[in-house]
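Read off the chains here:
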Amino acid sequence: MENTRQGTALLDRTFRVSLILKGLDGVLELIGGVLLLLVTPAQINDLVRFLTQHELAQDPRDFVANALVHLAANLSGPASLFGAVYLLLHGVVKIVLVWAVLREKLWAYPWMIAFLLVFIVYQVYRISVEFTWGMVLLTAFDIFIVWITWREYRIRRSQNRVPVG
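Everything numeric here is computed off the predicted structure, so don't read it as measured data. (Residues numbered from 1 in each chain as written. Predicted model: local features only at pLDDT ≥ 70, side-chain atom pairs only at ≥ 80, totals over all residues. Heavy atoms only, no water.)

Colleague: Explain the nonpolar core to me, please; I cannot follow it from the model alone.
Modeller: Proteins that are soluble and globular tend to have nonpolar side chains buried together. With 19 residues, the main nonpolar core has Phe15, Leu19, Val101 and Met112 as its most contacted residues. Sorting the residues of this core by element identifies α1 (2-38), α4 (77-102), α5 (108-129) and α6 (133-161) as the ones contributing at least two each. The greatest single-element share of this core, amounting to eight residues, is contributed by α5. The residues touching Val101, leaving out its near neighbours within four places in the chain, are Phe15, Leu19, Ala108, Tyr109 and Met112. (Core = buried A, V, L, I, M, F, W, Y, C linked by side-chain atoms within 4.5 Å. Buried < 20%, exposed > 50% of the residue type's maximum accessible area, 1.4 Å probe, protein only. Helix = DSSP H or I, 4+ residues; strand = E, 2+ residues; numbered from the N terminus. Contact = heavy atoms within 4.5 Å.)

Colleague: I tried to follow the side chain of Asn45 on my own but got confused; where do I start?
Modeller: By secondary structure assignment, the location of Asn45 is in helix α2 (residues 41-58). Exposure remark for Asn45: the relative accessible area of 17% places this residue in the buried category. Excluding residues within four positions of it along the chain, Asn45 makes contact with Ala72 and Ala73.

Colleague: Mind showing me how you'd approach the side chain of Thr139 here?
Modeller: Inspection of the secondary structure puts Thr139 in helix α6. For Thr139, the residues in contact, after removing those within four places along its chain, are Ile120, Gln123, Val124 and Ile127.

Colleague: Could you clarify how one ought to interpret α4 in this entry?
Modeller: Because an α-helix completes one turn every 3.6 residues, residues spaced three or four positions apart along the sequence face the same direction. The first and last C-alpha atoms of α4 sit 37 Å apart over 26 residues, in line with the 38 Å expected at 1.5 Å per residue. Those residues of α4 that sit buried are Ser80, Gly83, Ala84, His90, Gly91, Lys94, Leu97, Val98, Ala100, Val101 and Leu102. Backbone geometry just downstream of α4 places Glu104 in the positive-phi region, at approximately 60 degrees. (Expected span 1.5 Å × (residues − 1).)

Colleague: Can you help me understand the layout of surface pockets in this one?
Modeller: The calculated volume of the largest pocket comes to roughly 1,400 Å³. What lines the largest pocket is a set of 36 residues, and nearest its centre among them are Leu71, Tyr86, Leu87, Tyr122 and Met135. Contributions of two or more residues to the lining of the largest pocket are made by α1, α2, α3 (63-73), α4, α5 and α6. When residues of the lining of the largest pocket are assigned to their parent elements, the largest contribution, eight residues, is made by α4. Residues that form the lining of the largest pocket fall into these classes: 21 nonpolar, eight polar and seven charged. (1 Å grid on protein atoms, 1.4 Å probe; cavity = no way out; pocket = protein on both sides within 12 Å on 5 of 7 lines; lining within 4 Å. Points joined across faces, edges and corners; volume = space filled by probe spheres on them. Nonpolar A, V, L, I, M, F, W, Y, C, P; charged D, E, K, R; others polar.)

Colleague: Got a minute to help me understand the packing of aromatic side chains in this structure?
Modeller: For any two aromatic rings, the description comes down to two numbers: the centre-to-centre distance and the angle of the planes. For the structure on display, the rule yields eight aromatic pairs. Between the aromatic rings of Tyr122 and Tyr125, the centroid separation amounts to 6.4 Å while the plane-to-plane angle is 40 degrees, which identifies the pairing as tilted. Taken together, the positions of Tyr122 and Tyr125, both in helix α5 and three residues apart, correspond to about one turn of that helix. Note on Tyr122: relative accessible area 43%, which makes it partly exposed. Clustering of aromatic rings is evident, with ring pairs tying together Phe82, Tyr86, Phe115 and Phe119. (Phe/Tyr/Trp six-rings, centres within 6.5 Å; stacked < 30°, edge-to-face > 60°.)

Colleague: Would you mind going over the pattern of salt bridges with me for this structure?
Modeller: Side chains that carry opposite charge are capable of pairing whenever their charged atoms lie near each other. The full count for this structure, using the stated rule, is eight salt bridges. Between Lys22 and Asp142 there is a salt bridge; the shortest N-O distance is 2.5 Å. Of the two residues, Lys22 is situated in helix α1 and Asp142 in helix α6; the sequence distance between them amounts to 120 residues. The pair Lys22 / Asp142 is uniform in exposure class, with both members buried. The salt bridge involving Lys94 is made with Asp25; its shortest N-O contact spans 2.4 Å. One end of the pair, Lys94, is in helix α4; the other, Asp25, is in helix α1, and 69 residues separate them in sequence. When its relative accessible area of 27% is taken as the criterion, Asp25 is described as partly exposed. Each of Asp12, Glu104, Arg151, Glu152 and Arg156 takes part in a single network of salt bridges with overlapping partners. (Salt bridge = Lys/Arg side-chain N within 4 Å of Asp/Glu carboxyl O.)

The following block contains the structure:
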């Protein structure tokens, strides 16, 4: 019995930490979205070139530096606006849902699960088009959060159904 309580307590802490990480990710998305609105693609390109020039001088085939330079060089005004809107909306929704789930608002649990499932489907598509370990790890983390959110939702819902005497 004690082992079960310890396992439940560990899952509860893991759930809260995972949600907080998702919330922080939402804050970073908001910051990124605002920056994309304020900074022009040319300024981003200049910054990336400045930040990668030393690494590329040492290793012209550096994968990360070359990928950043390529992404920055191909960033257009419409793509920057789309990225900003995407990050802002995604960040706001994530922050609101994380806040509501941390406050144990029952309505938020299914919305959090649905929101993550939509992005999991998209991430699986992206993995099938262009495999990256980062996307695989993000998808695995999101699947874990869906599972643990579903678990917490069932617990909270059953607690709300129990009449208090």
